[in-house]
Every structure is written in structure tokens, then in C-alpha cells.
Amino acid sequence: MIIMLKQNPDKQEVEKLTSMLEKENVTINYVHGKFNDVIGLVGDTSHLDENTILASSDIVETVTRVSEPYKAVNRKFHPDDTCIDVNGAKIGGQHFGVIAGPCSVESEEQMIQVAKAVKDSGAKFLRGGAFKPRTSPYAFQGLHGEGIRLLLEAKKETGLPIVTEIMSIAHLDLFNDVDVIQVGARNMQNFDLLKELGHSNKPILLKRGLSSTMEELLMSAEYILAGGNKKVILCERGIRTFEKATRNTLDLSAIPLLKSKTHLPIIVDPSHAAGIAALVEPLSKAAVAVGADGLMIEVHNNPKMARCDGDQSLTPLQFDSVMQKVKFLASVENKIM
Ligand code: PEP
Ligand code: MN
């Protein structure tokens, strides 16, 4: 971190500032410049806040961070890829994993049918929302505890580990038998929820917020890792832009960029990114090509009758065709599926 001082700083103020910084467990390098003096802070500065330093003294002109504010998720300190392993179903490193299932859990028949079909096509995880974050309070909100029970039934039938979204810490007890807990885009910065999940031993699927930067996504993951839970999968699910032709805009550049910044696996959700079933295949192929560690795809046994997100949901047959292509491309990328 580089602190540039105003010209001709008061000596006493400089001493006050440096003695304050000395308490922060960093090495201080004071450089006398031709115009401005500069204080360089070397070491772990992730606990320091630029604005707090700026506000702490009248002699500070600017504070510039030269290293990332995240530590636990940073690839610099953990060069090896993290692989999340749920009873042999793996995402990360060499392993490409597909999570598939309906947007929301609706009935036992639906869940069993979809679970069997996606397993046959090669999905490693079953998804389904029991708690649904809906824009309208009048829209279907999910089956809650009953939805989780139906997911567990489908797991019993197929052996597929289940992924489902949590919306409130108050529901945590209902997730005891869930394999992967999803934090949806709308809760990416629900810091109390992230802190609580940091104490969990379950893998967390953390979706990028609708208008969140990559750094904000990494800082949210940092909350979970800082609490002790190292098992986080990131998910790019499209971001808000001016474009209205698709539900969101899939930020494909986020995949290679995030992979250079973090050791955590990152998957792509083409369903919520596009909002259009016909775009799921091309976007899935693109995701493999840019180095994603997996996909999350919405599949419904009868998309026209889906209670949520029918327009973007694939039929099991369409999903199978996407999977054929994804498997081929994943092998080209040297990934194990
Ligand atoms: C979902 O995966 O069901 C979902 C609600 O997605 P997102 O949080 O990305 O909108
Ligand atoms: Mn959905």
C-alpha cells in the first residue's frame, strides 16, 4: 500500500501517522520525494482500509492499494487449484462438474423424473430451489421444508448430491442433509449469512451478484473462508447491463480473470445468464472453452408448466444433447467429467 503525503507535511503529524501504522504489523518504508514524501507499507495489508487511513490524518494526500484486499481466496498465497469433492462428485482442478435440475422443486414426480434423467446424461449434482427469491411477493416462493424433503427423496433414488439455495440463517437447520448450500445472486453481500456459512463444513455455491464486480464476489468468498470454511465454488450467472434482449449478460471474461486471481473453482450458469433455453447450449460450450470448472443448468420435465423460469429451462432431451457436446469439449480441454 502506498500513502502519498501532502507537500511539506508537519513533522509531528508524520510521526503520529507512522507510529499509528507501526501498530499494524506491516513494514514501513519512508521515502523523501522531490515534491511529495511517500510511505510504503509492505506485508499483509488486507486488514487496512484506504479510506480510514485517508481520513486519519490531514497530511495524507492519497492512499493506493497495490495488492488485493483478499487473502484466503488469493491464488498468490494458494497457487494450487481447489477441488470440491462431495462423495466423489468433484468440481475444480481437472474436474468438470455439472449441476442440473429445475429452478424450483414442485413435486415428487417432477424431482424424481428430472433427477433420473440428468443423472443418465452425466450430471453430478441435482439442483432445485426450495426457497425462491422472487421479484414479486405474489409469485411462487418455493415449497420450503417440503421442497428440501423432496430433494432428499430424489437423492435417495439416484444418489446425486443435492444443491439448494438458502435465503435466511433462520432456516439453517433445514439444510443439515443438503450437500451444497447455494447463496443466490441477491444474497451475495448478505454478510451475516456469509459469516454464518463460514462456520459450516458444507461446500457453498456462491453466485455473483446482479451488479457485483469480480472483486466484490471474491471479497464475499473471503468472508466464508475467513470463517474457516474453505469449500467455496464461485458461479458466474450473468450481470445487469443495458441489454434487454437477454435476461442478463453472461460475463465470460470473468472466468479466466477470476481463475487467475483465485484458486477457487468457478462454474457458469447459462440458464439465468440468458433467460432463453435456446442460448443454453452455445453459452455452455463457451463456458467450457474459457476454462470454467463446471455448469449449472436448469432442467424441467415440462418447461411450459414450470412454476418458475420455464423459458430458460431445458427438457431432459435437450439437456442430454447439450451434455454430449459439453463432454466432448471438456475432453478437448483435458477435463475429467
Ligand atoms: C437460482 O439459481 O435458482 C437463482 C435464483 O439464481 P440467481 O441467484 O443467480 O438469480
Ligand atoms: Mn431459476
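Residues numbered from 1 in each chain as written. Chains lettered and ligands numbered in written order. Predicted model: local features only at pLDDT ≥ 70, side-chain atom pairs only at ≥ 80, totals over all residues. Heavy atoms only, no water.

1. Brief notes about the pattern of salt bridges
Scanning the model with the defined rule gives 19 salt bridges in all. Between R65 and E50 there is a salt bridge; the shortest N-O distance is 3.5 Å. Taken together, the residues R65 in the loop between β4 (60–64) and β5 (84–86) and E50 in helix α2 (residues 50–56) connect sequence positions 15 residues apart. Note on R65: relative accessible area 17%, which makes it buried. For E50, a relative accessible area of 25% puts it in the partly exposed group. Put simply, E146, R149, E153 and K156 are held in one network by salt bridges that share partners. (Salt bridge = Lys/Arg side-chain N within 4 Å of Asp/Glu carboxyl O. Helix = DSSP H or I, 4+ residues; strand = E, 2+ residues; numbered from the N terminus. Buried < 20%, exposed > 50% of the residue type's maximum accessible area, 1.4 Å probe, protein only.)

2. Section: unusual backbone geometry
The phi dihedral of D309 is positive, around 60°, even though this residue is not glycine. Relative to the helices and strands, D309 is located in the loop between β14 (294–298) and α10 (316–332). Non-glycine residue N334 carries a positive phi angle of around 65°. Residue position: N334 is located in the segment after α10. Take N334: its relative accessible area is 57%, and that puts it in the exposed class.

3. Things to note about the environment of I162
Mapped onto the secondary structure, I162 falls in strand β9 (residues 162–165). Between the alpha carbons of I162 and N248 there is a distance of 26 Å; along the sequence they are 86 residues apart.

4. Points about helix α7 (residues 254–261)
Every buried residue belonging to α7 is among A254, I255, L258 and K259, and all of these are buried. The buried residues of α7 occupy an angular sector of 125° when projected down its axis, which confines them to one face. (Arc of directions from axis to C-beta.)

5. Notes on the nonpolar core
Counting 65 residues, the largest nonpolar core has V118, L126, L206, V232, L234 and F319 as its most contacted members. Residue contacts for F319: discarding those within four places in its chain leaves V98, A100, V118, S121, A123, I297, V299 and L314. (Core = buried A, V, L, I, M, F, W, Y, C linked by side-chain atoms within 4.5 Å. Contact = heavy atoms within 4.5 Å.)

6. Some words on the sheet that holds β14
On the basis of which strands lie adjacent, the closed barrel formed by eight strands has the order β7-β8-β9-β10-β11-β12-β13-β14 and parallel pairing. Taking each pair of neighbouring strands and ignoring which way they run, the sheet shows an average axis angle of 25°. (Pairing = 2+ DSSP bridges. Axes fitted to C-alpha atoms, helices over the stretch in contact; angles between N-to-C directions.)

7. Details of the site of ligand 1
Close to ligand 1 lie R127, K132, P133, E165, Q182, G184, A185, R186, K207, R237, H272 and M296. Here K132 contributes a side-chain N or O atom positioned 2.9 Å from an oxygen atom of ligand 1. Within the side chain of K207, an N or O atom sits 2.8 Å from an oxygen atom of ligand 1. In the complex, the protein chains occlude 97% of the 290 Å² of accessible area that ligand 1 would expose alone. Among the cavities detected, the one that contains ligand 1 is the largest pocket. Among the residues making up the shell around ligand 1, the classes are represented as three nonpolar, three polar and six charged. (Near = heavy atom within 4 Å. Polar contact = N/O pair within 3.5 Å; in protein donor to acceptor, adjacent residues only side chain to side chain. Areas by Shrake-Rupley, 256 points an atom, 1.4 Å probe, with all protein chains shown as cover. 1 Å grid on protein atoms, 1.4 Å probe; cavity = no way out; pocket = protein on both sides within 12 Å on 5 of 7 lines; lining within 4 Å. Sits in = over half its atoms within 2 Å of the grid points. Nonpolar A, V, L, I, M, F, W, Y, C, P; charged D, E, K, R; others polar.)

8. Observations concerning the coordination of the manganese ion (ligand 2)
The coordination sphere of the manganese ion (ligand 2), as far as protein atoms go, consists of C103 (SG), H272 (NE2), E298 (OE) and D309 (OD), spread over 2.0 to 2.4 Å. Taking the relative accessible area as the measure of exposure, C103 reaches 2% and is therefore buried. When its relative accessible area of 9% is taken as the criterion, H272 is described as buried. (Donors = N, O, S within 2.8 Å, 3.2 Å for Na, K, Ca; no water.)

9. Here we look at α10
The end-to-end C-alpha separation of α10 is 24 Å, in line with the 24 Å expected for 17 residues at 1.5 Å each. Residues of α10 that are buried include every one of F319, V322, M323, V326 and A330, and no others. Considered in projection along α10, the buried side chains sweep an arc of 110° and stay on one side of the axis. Opposite the packed face of α10, turned more than 90 degrees from it, sit the exposed residues L317, F328 and V332. On its buried face, α10 sits against β7 (97–101), α3 (108–121), α9 (277–289) and β14. N334, located one to two residues past α10, shows a positive phi value of around 65°. (Expected span 1.5 Å × (residues − 1).)

10. Overview of the state of the cysteines
According to the stated counting rule, one finds zero disulfides in the structure shown. There is no disulfide at C235, and the cysteine sulfur nearest it, in C103, is 13 Å away. For C235, a relative accessible area of 0% puts it in the buried group. (Disulfide = S-S within 2.5 Å.)

11. Some words on the side chain of S212
By the secondary structure assignment, S212 is in the loop between β11 (204–207) and α6 (214–226). For S212, a relative accessible area of 9% puts it in the buried group. Apart from the residues lying within four places of it in its own chain, the contact partners of S212 are M188 and I239.

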